[in-house]
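This is what each chain is made of:
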Amino acid sequence: MKNNRFKEAIDLDSGITSTLPDKTESQNYEFFNGFGGFVEEGSEYEILLEGKNKPPAPWINVIANKKFGFTISEAGAGFTFAGNSRENKITSWSNDPVTDKPSEAIYIFDEVTGEVMTPISLGKTDRGTYRTRHGIGYTRFLHSEMEISQELTVFVPVEEPIKLWELKLTNHSNRVKYLSLTYYVEWVLGTQREHTGPYILTSYNNEHEYLMAKNIYSFQFQNSRAFLFSSEMIKRYTGDRQEFLGLKGSIYNPQGVDSILSNHTGACYDPCGAIQVSVALQPMESKTVIFALGQSSNIEEIQVLRYKYKDVNNVTEELEHVRAYWKGILGTIQVKTTDKAIDYLVNGWLLYQTISCRINARAAFYQCGGAYGYRDQLQDTLALRFTTPEALRKQIIIACSRQFVEGDVQHWWHPPTGVGVRTRISDDLLWLPYATAAYIQSTGDDSILKEQVPYIKGPLLEEDEHDIMFTPEVSDQVGSVYEHCKKTIGHTGFGVHGLPYMGGGDWNDGMNEVGKDGKGESVWLGWFLYTLLGDFIPLCRQEGDQEYADELNQKRELLIKNIEEHTWDGAWYLRAFYDDGTKLGSKENDECRIDSISQSWSVISKGAKPDRALTAMQSAWRHLVREEDSISLLLMPPFNKTNKNPGYIKNYYPGIRENGGQYTHAAVWLAIATSMLGDYNMAHTLFTMLNPIHITKNKREALVYEKEPYVMIADISLSPPYTGRGGWSWYTGSAGWMYQGLVSWFLGINKEAEELVINPATPACFGNYTIEYRYGTTLYEIKVESRSKGILSTTELTVDGARIKGNRIKLSDDGNRHMVVV
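Since we're looking at a predicted model, the values are computed, not measured. (Residues numbered from 1 in each chain as written. Predicted model: local features only at pLDDT ≥ 70, side-chain atom pairs only at ≥ 80, totals over all residues. Heavy atoms only, no water.)

Caption draft 1: Examining the confidence of the model for the chain more closely. Confidence in the prediction of the chain, expressed as mean pLDDT, is 93, and 96% of residues score 70 or more. In this model, residues 1-24 is a region of pLDDT below 50 whose contacts with residues beyond four sequence positions or in other chains number 41 contacts. The model gives residues 790-794 a pLDDT under 50, and that stretch makes 13 contacts with residues more than four places away or in other chains. (pLDDT = per-residue confidence, 0-100. Contact = heavy atoms within 4.5 Å.)

Laid out in structure tokens, this is it:
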């Protein structure tokens with residue numbers, strides 16, 4: 001699909017006048033939709049800004065390491081944070097998709113002509129063409145104005161708490177250019193500028209040349225100091241926002257750019273940070289200038305970072321280090337299929353979204369959480385089993401440390417204090433044994449079961465309380481990971497139908513009223529529990545805990561009996577039972593007659609009777625999948641007027657988010673289940689529908705969808721006139737599940753200890769494809785030839801010319817290249 005929609009994108013431009021790339025230049029784009037397209041083999045997405053031609057919503061990048069990060073849109077707007085993206089914002093976060101207001105900017109002032117330009121557009125439409133390239137771990141802005149070409153690259157190092165702006169200027173005129181460059185930030189140093197502003201103290205270190213800011217009223221981050229510096233000598237600076245912006249100015253048109261700043265810092269200002277440097281560019285000369293923003297509680301670290309990155313060469317080297325870091329992770333699995341939209345997601349963007357946004361930043365444009373979710377990051381790290389299994393191991397240990405001595409867990413918590421909520425959510429805790437079993441199955445590392453982790457303690461929920469927020473204490477009681485897993489299973493209770501209690505909501509938090517009295521039951525949770533018990537029982541036997549293994553096996557057999565006896569509704573499985581025993585997700589209901597996840601997990605669990613599983617999935621395809629709109633709904637019909645209150649899900653307008661829209665997390669599960677069921681054509685259809693690159697294939701569809709074409713989205717609306725509009729992007733667990741779905745179930749590659757298991761679910765029309773799997777220093781090149789059915793256990797594989805029965809390959813890190821033909 002290389003640029004064949006380019007002309008269509010232009011033709012659909014309803015009245016917008018712009019000078020988009022000519023035909024020759026457009027050849028460099030893949031999947032161009034009128035706003036942007038992929039370049040560099042899909043590793044970058046370039047957005048073209050000229051005049052009023054811009055994306056219908058901010059298209060951003062989320063760039064973060066474990067300590068520090070930022071978001072940045074195609075216009076250059078965004079915010080920076082350290083440690084906790086909600087509690088410790090360095091600059092202001094805005095989720096206004098209309099204004100996309102920036103809180104940081106770089107200005108270039110021509111001291112001779114008095115003209116001002118910016119290397120980022122800041123939303124301006126009258127300054128010529130801007131090209132924004134979002135890459136893996138960095139964003140680059142390209143612009144030319146006043147005979148000066150500007151190339152601005154912004155990124156964070158692999159480990160250090162600092163944001164680096166690398167600005168390369170080239171003078172294309174025949175005269176010397178005398179320029180004044182200003183880097184400006186609006187301090188927050190906490191949650192909201194309105195709350196922290198009066199307590200921010202700024203200062204300037206003359207000896208080491210950096211401007212510093214500190215929130216003297218911060219409890220969690222009282223020792224942290226934010227700082228600004230440049231590779232050039234700082235000529236002027238200010239900590240006074242009013243001085244820089246002016247009485248009638250703004251970040252779009254600051255009055256202080258062309259004035260001599262006062263060098264004022266201290267208390268009682270409307271705080272900001274602004275530093276100015278001067279450069280002279282000879283005709284045809286290029287020069288690179290560095291600006292940096294960071295935060296640390298260690299003065300020595302600040303000074304080390306300041307001197308390290310004052311050197312332009314160190315910045316360039318660190319950018320290459322960032323590229324190499326991501327290549328090392330993402331290069332573990334590289335696929336080449338007949339659909340480049342799949343290749344681009346699998347080879348880069350899905351895992352990048354999961355790691356940089358979900359695990360490191362825990363924030364994006366539409367949500368600034370900062371907290372860890374118990375179930376959330378466990379599921380995210382499941383996607384890293386191939387590439388960085390140590391991240392999953394670490395998250396399992398973290399999850400154990402957030403378990404109360406009674407067995408329940410924190411639903412979410414904020415680092416570094418651990419303040420969070422204790423709830424009655426019923427599924428959170430069960431993701432611990434599920435993830436632990438998955439980790440051991442994939443890596444063969446059962447030593448994790450012996451790891452000792454303390455519990456936490458705190459006030460219990462009163463009978464009428466559904467949640468409570470507090471900072472728990474670390475308990476003296478310590479247990480192994482195996483014991484923590486056992487406690488989660490033991491904490492799960494069962495209702496009158498022999499199904500797990502719904503509690504304050506299961507996977508769908510919005511169904512928080514279904515079991516509020518403690519009697520409601522969840523059918524989906526029954527399937528999930530059945531699944532994890534099947535994975536965990538072998539670990540119990542391995543640990544010599546035979547009696548407990550037998551107990552769980554009996555519980556599992558009784559559970560599947562109860563599910564089949566009480567929840568089959570004739571053509572699909574129920575979703576839940578209310579406290580009073582009323583069915584939810586039944587043909588007897590006027591609203592929410594069918595729910596997606598009860599059907600998909602009947603297959604994923606491998607527990608349902610085959611004929612019922614097939615019928616349930618066919619019902620889900622018929623009632624929930626709308627191919628004409630590329631939407632896979634969570635439930636149907638939406639809640640609206642029912643007398644039974646399922647919870648806050650009903651507060652959403654019908655067809656929005658969980659209330660009858662597409663909730664992509666669940667939609668991926670449906671695609672996975674379809675692959676497992678063996679309907680390969682339907683699986684292909686569902687995964688294609690979920691692919692944002694295909695959703696935004698031309699300008700009309702990009703305008704409807706609105707959000708970024710290169711990352712997964714949390715939800716898509718059903719209700720007119722917003723049918724097909726994306727909800728929030730980036731910060732969604734669907735990215736990790738989409739990666740697992742495509743790699744492990746659709747393309748069919750799984751790792752079990754020291755074996756590679758190959759079992760594709762692609763249809764014959766998908767054609768041949770290749771997967772390169774890097775195992776240590778060894779490369780396995782797997783070529784899958786077109787066929788109509790998935791590979792069964794009796795299939796013969798060819799490995800280095802030798803035939804092997806079955807679909808398993810013994811892995812060996814021998815430093816060689818091995819050829820596998822399926």
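Still more ground to cover, so stick around.
Caption draft 2: Inspection of the pairing of strand 7 (residues 104-110) at higher detail. Within strand 7, seven of the seven residues are buried, leaving the element largely enclosed by the surrounding structure. The alternating pattern of strand 7 places E104, I106, I108 and D110 and A105, Y107 and F109 on opposite faces, both of which are buried. Pairing of strand 7 with strand 8 (residues 116-117) involves two bridges; the strand directions are antiparallel. Its bridge partner lying in strand 8, I108 is registered against M117. Hairpin connection from strand 7 to strand 8: five residues lie between these consecutive antiparallel strands, with G114 at a positive phi of about 80°. (Buried < 20%, exposed > 50% of the residue type's maximum accessible area, 1.4 Å probe, protein only. Helix = DSSP H or I, 4+ residues; strand = E, 2+ residues; numbered from the N terminus. Pairing = 2+ DSSP bridges.)

Caption draft 3: Quick look at the environment of N651. Assignment of secondary structure puts N651 in the loop between strand 34 (635-636) and strand 35 (662-663). By relative accessible area, N651 is classed as exposed at 68%. Note: C-alpha distance between N651 and P271 (380 residues apart in sequence) is 39 Å.

Caption draft 4: Looking closely at the nonpolar core. Residues L181, W187 and W669 are the most contacted members of the largest nonpolar core, which totals 230 residues. Not counting residues up to four positions away in its chain, the partners in contact with W669 are Q379, W431, W507, W524, I597, S600, W601, I604 and W737. By size, the runner-up hydrophobic cluster in this structure holds 10 residues, among which are A576, Y578, L584 and I649. (Core = buried A, V, L, I, M, F, W, Y, C linked by side-chain atoms within 4.5 Å.)

Caption draft 5: Representation of the packing of helix 8 (residues 374-382) against helix 9 (residues 389-400) in the model. Across the interface, helix 8 lies against helix 9 with an axial gap of 8 Å and an inter-helix angle of 165°. Of the possible angle classes, the one that applies to helix 8 and helix 9 is roughly antiparallel. Considering the relative orientation of helix 8 and helix 9, their crossing is left-handed. Of the residues in helix 9, those touching helix 8 at Y374, Q377, L378, T381 and L382 are A391, L392, Q395, I396, A399 and C400. Looking at the contact of helix 8 with helix 9, its residues break down into eight nonpolar, three polar and no charged. (Axes fitted to C-alpha atoms, helices over the stretch in contact; angles between N-to-C directions. Parallel < 35°, antiparallel > 145°, perpendicular 65-115°, else oblique. Left-handed = near helix turned anticlockwise from the far one by under 90°. Nonpolar A, V, L, I, M, F, W, Y, C, P; charged D, E, K, R; others polar.)

Caption draft 6: Quick look at the pattern of salt bridges. Taken as a whole, this structure holds 49 salt bridges when the rule is applied. Salt-bridge contacts for K583 lead to E588; the nearest nitrogen and oxygen are separated by 3.3 Å. On the basis of relative accessibility, which here comes to 57%, the residue E588 falls in the exposed class. Put simply, E772 and R817 hold a salt bridge, and the shortest N to O gap is 3.4 Å. One end of the pair, E772, is in strand 39 (residues 769-775); the other, R817, is in strand 44 (residues 817-821), and 45 residues separate them in sequence. Put simply, E40, E44, E46, R131 and R133 are held in one network by salt bridges that share partners. (Salt bridge = Lys/Arg side-chain N within 4 Å of Asp/Glu carboxyl O.)

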